[in-house]
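Here is how the chains run, residue by residue.
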Amino acid sequence: MNKLELLTQANRTLTETVTNEFAKLDLDALNYKPSAESWSILECLEHLNRYSRYYNPALAKAIAQNSNGNFLESINYSWLGKKSLDMVRPQNAKKHKTVKHMNPNNSKLGRGAIDEFLMHQEKLQQLLQNAKGTNLNKKAVPVEFFKLLKLRIGETLEFVVTHQERHIQQALRVKQQQAQQMAA
């Protein structure tokens, strides 16, 4: 399986997880916070929505401008790409402070955050398909918080999916903590 196929499968899994684990929960469960500083399930999804609002259009533009049929299965990683991916990997237990406009802490959120997340996932699935005819090593996607820096298309796709995996796992831990508290 090449990298795009792996990312496509991971994206499907994330969509299924949100649908199966969170979509049926009531608003109290979705807004439960283990502590004042931690995020609820909906805040985790809203954080990802904020990133998707930026990266999905940026990726769509980069893919459209670089779809020349020269598809390379492997991705060469820049220093910035490696650093960005290492930061968001779910295995990296270190907490990172998010930029203020991407931090949804204490937001008033409803079920719309789930619907929006699933809509963004559909768009990302389409972008992953469209990327099959693209030079994935083209530096074409401006970094959200510092647009002078650019990531390669492939590493940006991987960053988006890996970042989502990290926060969906966080949301699953919140659900588990709530269940443990209810059982105590």
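Residues numbered from 1 in each chain as written. Predicted model: local features only at pLDDT ≥ 70, side-chain atom pairs only at ≥ 80, totals over all residues. Heavy atoms only, no water.

A. Examining the overall build of the protein chain more closely. A tally of regular secondary structure across the protein chain gives six helices and two strands. In sequence order, the protein chain lays out its α and β elements as α-α-α-α-α-β-β-α. Taking 184 residues into account, the globule formula puts the C-alpha radius of gyration at 16 Å, and the protein chain, at 17 Å, falls close to it. For the C-alpha atoms alone, the extent of the protein chain along its principal axes is close to 55 × 30 × 25 Å. Burial analysis of the protein chain (184 residues in total) assigns 48% to the buried set. Contacts spanning at least 24 positions in sequence make up 84% of the contacts within the protein chain whose residues lie at least 6 apart. Accessible surface, the protein chain as shown: approximately 9900 Å² in total, 52% of it carbon and sulfur. For the protein chain, the separation between the mean place of its 26 positive charges and that of its 17 negative charges on side chains is 7 Å. (Helix = DSSP H or I, 4+ residues; strand = E, 2+ residues; numbered from the N terminus. Rg over C-alpha atoms; globule rule 2.2 N^0.38 Å. Buried < 20%, exposed > 50% of the residue type's maximum accessible area, 1.4 Å probe, protein only. Contact = heavy atoms within 4.5 Å. Areas by Shrake-Rupley, 256 points an atom, 1.4 Å probe, with all protein chains shown as cover. Lys, Arg positive; Asp, Glu negative; His and termini not counted. Charge placed at Lys NZ, Arg CZ, Asp CG, Glu CD.)

B. Spatial organisation of the pairing of strand β1 (residues 139-143). For β1, the buried fraction is high: four of the five residues fall into the buried class. For β1 and strand β2 (residues 146-152), the ladder comprises four bridges, and the chain directions are antiparallel. Looking at the pairing, V141 lines up with L151 of β2. (Pairing = 2+ DSSP bridges.)

C. Inspection of helix α3 (residues 41-65) at higher detail. For α3, with 25 residues, the first-to-last C-alpha span of 36 Å sits near the 36 Å given by 1.5 Å per residue. At S52, α3 is deflected by roughly 30 degrees, the largest bend along its length. Within α3, 19 of the 25 residues are buried, leaving the element largely enclosed by the surrounding structure. (Expected span 1.5 Å × (residues − 1). Bend = angle between axes of the 7 residues up to and from the residue.)

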